[in-house]
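Remarks on the overall topology
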Amino acid sequence: MEKIMQGRMDRGFERYQKEYEDKAIAVLRSGWYILGKEVEAFEEEFAKYVGTKYSVGLASGLDALWLAFKVLGIGKGDEVIVQGNTYIASVMGITINDATPVFVEPDEYYQIDADKIEEKINDKTKAILVVHLYGQTANMAKIQEICKKHNLKLVEDCAQSHGSLFNGQMSGSFGDIGCFSFYPSKNMGAYGDAGAITTNDPELARLMKIYRNYGSEKRYYNMVVGANSRLDELQAGLLRVKLTHMEDITKEREQLGAYYAEHINNPLVIKPSVRDGATSVWHQYVLRVPTEGGAKDSVTTGGEPNTRDKFKTYLEENGVMTLIHYPIPPHLSEAYEYLGHKKGALPITESYANEVISLPIYTGMTKEEQDRVIECVNAFRI
Ligand SMILES: *Cc1c(COP(=O)(O)O)cnc(C)c1O
């Protein structure tokens, strides 16, 4: 039997293949490849999609993050609040600027627990970085209120949340800056590396354009030490094509998520739930498989296989591939040893790392494939 991949990009390409190929040829023949009219048009269309005044195309999601803190003037001696259970790029966006990440535990929806933010705020706190993890928006009403009360900047990591809403408003339009990745496997993936920021502030948009191009607004006149983080014409053109299909792409993922929710019924697994007022675009469909008697160490971190690991192996043996997002929380990664966090510092984050598992989900997933995954999930026993 053919394996069911955890994520695959070929089906999404094939669905709109002719449009992508026509666009690619047009860009290749145009004689202009970096920062041109495709990028300009994309920035305008993407800002309109998200519901902000401006968007600036960049080379990656990580660049969007670190440049966001850079243009907000956040750096050495400053603290930024972020959830413990995120992809490490969120944290690197903070630390590349020599600012300090202050971790907050997630809630039952895997988003930052808004009720635990205020206890971490002090004189050094400058911003909150909200990650709309797995495609679901965080509790934005509460978080906006906290930012206002404490005069903090709000940055959103939307690398997994293209198109997801909170009270009808799109992620990426709540804060000072929204940071997007278009890495190929994201819901709105390009065909190479790409990223962007969104903002309503013309000065932040202007600064971002300066920073992405060696700190210059006028050629060979460099105002600041910037980066090379330009979006190229080919990716911008391909993203413009994808943007016209985002409504369908998102609707399909919502249906895939709903189908899993309806049919998975194994008491050993905990299905994800969605907060009132929020939507999920199911960048990942993440189950939790707790181990009786508490979350045991996982093989992914060098311990004994726990129930989640056994579940993963069982699915794999039946041709269903899965991934763990993420096995090692940033505060326990070797890269952040210097922050001095010890095991046990973030018990909820750490137990999630031992329990989460992401099922296959992708554009073009067939009902037969999803039924096979569901059958396997429901047949698992300890
Ligand atoms: C993918 C991702 C990023 C980084 O995006 P790149 O384009 O790979 O640099 C940042 N944050 C989160 C939550 C991500 O999933």
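Residues numbered from 1 in each chain as written. Predicted model: local features only at pLDDT ≥ 70, side-chain atom pairs only at ≥ 80, totals over all residues. Heavy atoms only, no water.

1. Quick look at empty space enclosed by the protein
According to the stated counting rule, one finds 2 cavities of 30 Å³ or more in the structure shown. Counted as a void, the largest cavity has a volume near 90 Å³. Taken together, 13 residues form the lining of the largest cavity, with Asn85, His325, Tyr326, Thr349 and Ala353 sitting closest to its centre. Here the lining of the largest cavity takes 3 residues from helix α11 (residues 347-355), the largest share from any one element. In terms of domain composition, the lining of the largest cavity takes at least three residues from each of domain 1 (10-243) and domain 2 (246-379). Together, 13 residues line the second largest cavity, and Tyr110, Tyr134, Gln136, Pro272 and Trp282 are the ones closest to its centre. Composition of the lining of the second largest cavity by domain shows at least three residues from each of domain 1 (10-243) and domain 2 (246-379). (1 Å grid on protein atoms, 1.4 Å probe; cavity = no way out; pocket = protein on both sides within 12 Å on 5 of 7 lines; lining within 4 Å. Points joined across faces, edges and corners; volume = space filled by probe spheres on them. Helix = DSSP H or I, 4+ residues; strand = E, 2+ residues; numbered from the N terminus. Domains from an automatic or database assignment.)

2. Some thoughts on the packing of helix α3 (residues 37-50) against helix α8 (residues 233-243)
Closest axis-to-axis distance for the α3/α8 pair is 8 Å, and the angle between their directions is 35 degrees. The crossing of α3 and α8 is left-handed. Here Lys37, Glu38, Val39, Ala41, Phe42, Glu45, Phe46 and Tyr49 of α3 come into contact with α8, specifically with Glu233, Ala236, Gly237, Leu239, Arg240 and Leu243. Counted by class, the contact of α3 with α8 contains 8 nonpolar, 1 polar and 5 charged residues. (Axes fitted to C-alpha atoms, helices over the stretch in contact; angles between N-to-C directions. Left-handed = near helix turned anticlockwise from the far one by under 90°. Contact = heavy atoms within 4.5 Å. Nonpolar A, V, L, I, M, F, W, Y, C, P; charged D, E, K, R; others polar.)

3. Regarding the domain arrangement of the protein
Per the domain assignment, the segments of the protein are domain 1 (10-243) and domain 2 (246-379). Between domain 1 and domain 2, the C-alpha centre-to-centre distance is 24 Å. Facing 45 residues of domain 1, the contacting portion of domain 2 comprises 43 residues. Counting the surface lost from both domain 1 and domain 2, the interface buries some 3,700 Å², and carbon and sulfur atoms represent 56% of this. On the domain 1 side of the interface with domain 2, the three residues burying the most area are Tyr110, Tyr134 and Asn187, jointly 21% of the side's total. Along the contact surface separating domain 1 from domain 2 lie 3 salt bridges. A salt bridge links Arg11 to Glu369, with the nearest nitrogen and oxygen atoms 2.8 Å apart. (Buried area = accessible area lost by both parts, 1.4 Å probe. Salt bridge = Lys/Arg side-chain N within 4 Å of Asp/Glu carboxyl O.)

4. Some details on the side chain of His283
Locating His283 in the fold gives a position in the loop between α9 (246-263) and β12 (285-288). Of the polar contacts made by the side chain of His283, one reaches the side chain of Asn187; its length is 2.9 Å. His283 has contacts with Tyr134, Gly135, Gln160, Ser185, Lys186, Asn187, Arg253 and Ile361, leaving out every residue within four places of it along the chain. (Polar contact = N/O pair within 3.5 Å; in protein donor to acceptor, adjacent residues only side chain to side chain.)

5. Structural notes on helix α7 (residues 202-212)
For α7, the complete set of buried residues consists of Leu204, Ala205, Met208, Ile210, Tyr211 and Arg212. Of the surrounding elements, those touching the buried residues of α7 are α3, β1 (54-58), α4 (61-71), β8 (177-181), β9 (195-199) and β10 (216-218). The residue sitting at the N-terminus of α7 and contributing the capping side-chain oxygen is Asp201; that oxygen lies 2.8 Å from the backbone nitrogen of Glu203. Backbone geometry just downstream of α7 places Tyr214 in the positive-phi region, at approximately 60 degrees. (Buried < 20%, exposed > 50% of the residue type's maximum accessible area, 1.4 Å probe, protein only.)

6. Here we look at the sheet that holds strand β4 (residues 125-131)
Pairing is mixed across the open sheet formed by 7 strands, whose spatial order is β1-β9-β8-β5-β4-β2-β3. Each of the sheet's edge strands pairs with one partner strand only, and the pair in question is β1 and β3 (100-104). Neighbour-to-neighbour, the strand axes of the sheet open up by a mean angle of 25 degrees, direction not taken into account. Note that strand β5 (residues 153-157) and β8 share 3 bridges and pair parallel. The residue of β8 that forms the bridge with Val155 is Ile177. Packing against the sheet, α7 makes contact with β1, β8 and β9, and its axis sits at approximately 15 degrees to β1. (Pairing = 2+ DSSP bridges.)

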